[in-house]
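Descriptive analysis of the structure
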Amino acid sequence: MTDRRTALVYHERYLWHDAGSAASVIPAGGMVEPGPHAESPERIRRINSLVEVSGLGEQVERVRPRPATLDELLRFHTAGYVERVQELSDGEGGDAGEYAPVNRSSYEIALLAVGGCLTAVDAVVDGRADNAYALVRPPGHHALADKGMGGCIFANAALAAFHALDAHNLERIAIVDWDAHHGNGTQAAFYDDPRVLTISLHQADCFPPGSGQIDETGDGRGRGSNINIPLPPGSGTGAFDAAFDRIVVPALDAHRPELLIVACGFDSSAWDPHARLMLHSAAYRRLTQAMLGVADRHAAGRLVVCHEGGYAPGYTPFCGLAVLEELSGAYTGVADPFLPIFEGYGGQELQPHQEAVITAVEQRAGAR
Ligand SMILES: [Zn+2]
């Protein structure tokens, strides 16, 4: 028996988006030898596999996604951009912006990724599930209105929030992004919109370069409704726990969201090649518990998790299992074999230069 009804949205087709041949994220060609792209199907296939093998798959409700409609995309994206992605996908493929590869059928699969997040919102807001995890790819939090970035084609989490506003008439939503990289697309979507509080914890000056500074706090009526917490490289569980206790949770409690969305990247983990942060499965458990607490206090438990980055396919399954166990309250007893190593990393506790960043953000947030 589980405490909560958790919907897991997943589709085999998410594995069929082909990010092409690359060295990590740099397209192959010239002096770059062809190899597997980092935004690989393995990132989420292995999470889904561990959910099944661990037995958790029997404790969650599997929900099939539907594709997003054009109108749903146009709540944020420009018609010209959507057309361009479709043309690339129907043609020879190409880059939808910066490091956002599109190949055959990428358009349809990206629609299914957005639709997976919308399906998760529907399940939670309509009361068919208490919370939901949309295990989708391609990811979304870097995508801008008119440009793909960093592997992201359409803005999954932002479009989930627009859906909750427009289709479900909710008035206050919050998006917490704990991907290691700045959620620049999500920030842009609601920069002048006070209805949606956007909070991004990320490695300072990582990707996009220079993006996600403390002084980016929103504009116009949205002033104060965007919070960036740019943590120094090397930040571990102490820095994230302090940021949650001192900034994230108080800001959410002040906003009182009717729906809480998490943009969940596992590239903040200690093993990830795309950032230099040090989280582990036990840390993601605590972050998830904190979000469940906020959702319980303000949103009748309504929490939707949209999958973002995470490029260590050997480790992300244990992070994903941890988050899903906390969401559902169903514990499989499957241990994270990496945990003793990552918990033992030096510098996991809050360091003075990390605390200085948190204090600076805290002071700014307090002045909102
Ligand atoms: Zn990322």
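One structure accompanies this document, and this report is about it. (Residues numbered from 1 in each chain as written. Predicted model: local features only at pLDDT ≥ 70, side-chain atom pairs only at ≥ 80, totals over all residues. Heavy atoms only, no water.)

**Quick word on the packing of aromatic side chains**
Taken as a whole and judged by the stated rule, the model has 15 aromatic pairs. Where Tyr315 meets Phe338, the ring centres are 5.0 Å apart and the plane angle is 70°; that geometry is what we call edge-to-face. Within this pair, whereas Tyr315 is found in the loop between strand E14 (303-307) and helix H9 (316-328), its partner Phe338 is found in the loop between H9 and helix H10 (339-343), the two being separated by 23 residues in sequence. For the residue pair Tyr315 and Phe338, the accessibility class agrees, reading buried in each case. Members of the aromatic cluster, each reached through a chain of ring pairs, are Trp271, Tyr315, Phe318, Phe338, Phe342 and Tyr345. (Phe/Tyr/Trp six-rings, centres within 6.5 Å; stacked < 30°, edge-to-face > 60°. Helix = DSSP H or I, 4+ residues; strand = E, 2+ residues; numbered from the N terminus. Buried < 20%, exposed > 50% of the residue type's maximum accessible area, 1.4 Å probe, protein only.)

**As for the pairing of strand E12 (residues 226-231)**
Within E12, six of the six residues are buried, which leaves it mostly tucked inside the rest of the structure. Relative to E12, strand E11 (residues 196-203) runs parallel, the two being bridged by six bridges. Counted as the bridge partner of Ile199 is Ile227 from E12. (Pairing = 2+ DSSP bridges.)

**Details of unusual backbone geometry**
Residues Arg137 and Pro138 are joined by a peptide bond in cis, for which omega reads 0°. Looking at the secondary structure, you find Pro138 in the loop between strand E8 (131-134) and strand E9 (148-149). With omega at -10°, the peptide bond leading from Phe207 into Pro208 counts as cis. Inspection of the secondary structure puts Pro208 in the loop between E11 and E12. Notably, Asn169 is not glycine yet its phi reads approximately 60°, a positive angle. Among the structural elements, Asn169 can be located in the loop between helix H5 (156-166) and strand E10 (173-177).

**Some remarks on the packing of helix H7 (residues 237-255) against helix H8 (residues 281-298)**
Axis separation between H7 and H8 bottoms out at 11 Å; the angle between their running directions is 10°. It follows that H7 is roughly parallel to H8 by the angle criterion. Only Ala283, Arg286, Leu287, Ala290, Met291, Val294, Arg297 and His298 of H8 make contact with H7, whose side of the interface consists of Thr237, Phe240, Asp241, Phe244, Val248, Val249, Leu252 and Asp253. Here the residues of the contact of H7 with H8 sort into 10 nonpolar, two polar and four charged. (Axes fitted to C-alpha atoms, helices over the stretch in contact; angles between N-to-C directions. Parallel < 35°, antiparallel > 145°, perpendicular 65-115°, else oblique. Contact = heavy atoms within 4.5 Å. Nonpolar A, V, L, I, M, F, W, Y, C, P; charged D, E, K, R; others polar.)

Any functional reading would require information that these geometric values do not contain.
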